[in-house]
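Inside the fold
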Amino acid sequence: SLRTLAKAQQFRIDQLEARLETITQALKDLKMDKQIGEVTKGPAEPQDTGKDLLDLNNVVPEKEMIDVELYEMLQRDLESLRNALQMKEVIISEKDANVEALEKKVEILVHSKRAEGRSAHAERKDYAYQIDDLKRALDAQAETHRRQMDRIKEENARLRSQVKTVR
């Protein structure tokens, strides 16, 4: 059973070192490693006596305790992270509302642009019909004026010939 106890002790050591490394890295990431100072380094001398190390229940305790200062610091940090998260969620919801409002504005602009395009197209079509009508009217007037001009020229030529015969 000493072998089992040694394995349990090694398991516990590995477990605690992994936890310590995780906590230390988290504190470094949060730039809080200097605030806790010596707390993460642990006691200089082991507090357990040899007798406690031979008891399997003490090697792998059911409920593990951490330092009060570290717990309170982590609790404050957790609370500040929760507050920051809540604030960011509010900001995100506000930005979502802004995005929805802008999407509605874009939809309205696209709709009005289409309507404007349709009305402009209809207006251009009306102008084109009016221009065609005016061209036809002008062409008819020009033809009428050419005929009158031809008649006037014929009349003028006839009158000249009469004037020449009278002279």
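Residues numbered from 1 in each chain as written. Predicted model: local features only at pLDDT ≥ 70, side-chain atom pairs only at ≥ 80, totals over all residues. Heavy atoms only, no water.

Right, let's talk about the overall build of the protein for a bit. Within the protein one finds five helices and zero strands. Ordering the α and β elements of the protein from the N terminus gives α-α-α-α-α. Within the protein, the fraction of its 167 residues that count as buried is 7%. Counting contacts in the protein only where the partners sit at least 6 residues apart, residues at least 24 apart contribute 79% of the total. As displayed, the protein has an accessible area near 15200 Å², and 56% of this comes from carbon and sulfur atoms. (Helix = DSSP H or I, 4+ residues; strand = E, 2+ residues; numbered from the N terminus. Buried < 20%, exposed > 50% of the residue type's maximum accessible area, 1.4 Å probe, protein only. Contact = heavy atoms within 4.5 Å. Areas by Shrake-Rupley, 256 points an atom, 1.4 Å probe, with all protein chains shown as cover.)

The subject of this paragraph is the pattern of salt bridges. Tallied over the full model, the rule gives four salt bridges. With a shortest N-O distance of 2.1 Å, E155 and R158 are connected by a salt bridge. Note that E155 and R158 are positioned in helix 5 (residues 68–166) at a spacing of three residues, about one turn of the helix. A relative accessible area of 38% means that R158 is categorised as partly exposed. (Salt bridge = Lys/Arg side-chain N within 4 Å of Asp/Glu carboxyl O.)

Looking now at a negative patch on the surface. Residues D96, E100, E103 and E107 make up a contiguous surface patch of negative charge. Within the secondary structure layout, E107 lies in helix 5. A relative accessible area of 58% means that E107 is categorised as exposed. (Patch = residues over 30% accessible without salt bridge, like charges linked within 9 Å, V, L, I, M, F, W, Y side chains within 5 Å. Lys, Arg positive; Asp, Glu negative; His and termini not counted. Charge placed at Lys NZ, Arg CZ, Asp CG, Glu CD.)

Quick look at the confidence of the model for the protein now. For the protein, mean pLDDT is 82; residues scoring 70 or higher make up 81% of the total. Of all secondary-structure elements in the protein, the lowest mean pLDDT belongs to helix 3 (residues 50–53), at 57, while helix 5 reaches the highest, 91. (pLDDT = per-residue confidence, 0-100.)

This part is about the side chain of D77. You can see D77 is positioned in helix 5. Of the buried charged residues, D77 lacks a salt bridge, with R76 as the closest side chain of opposite charge at 8.5 Å. Setting aside residues no more than four positions away along its own chain, D77 makes contact with L30 and M32.

Within the element layout of this structure, S161 appears in helix 5. For S161, a relative accessible area of 38% gives the class partly exposed. Here R158 takes part through its backbone oxygen, which lies 2.8 Å from a polar atom of the side chain of S161. (Polar contact = N/O pair within 3.5 Å; in protein donor to acceptor, adjacent residues only side chain to side chain.)

Quick look at helix 1 (residues 2–29) now. Residues spaced three or four apart along an α-helix point in a common direction, a consequence of the helix completing one turn every 3.6 residues. Along its 28 residues, helix 1 runs 40 Å from first to last C-alpha, staying within 8% of the 40 Å computed at 1.5 Å per residue. Taken as a whole, helix 1 has its buried residues at L5, A8, R12 and L27. Immediately downstream of helix 1, the backbone of K31 shows phi near 60°, a positive value. (Expected span 1.5 Å × (residues − 1).)

To continue, consider a nonpolar patch on the surface. A cluster of nonpolar residues, I66, Y71 and L74, forms a patch on the protein surface that exposes about 270 Å² of accessible area. Along the polypeptide, I66 turns up in the loop between helix 4 (56–59) and helix 5. In this structure I66 comes out as partly exposed when scored by relative accessible area, which is 45%.

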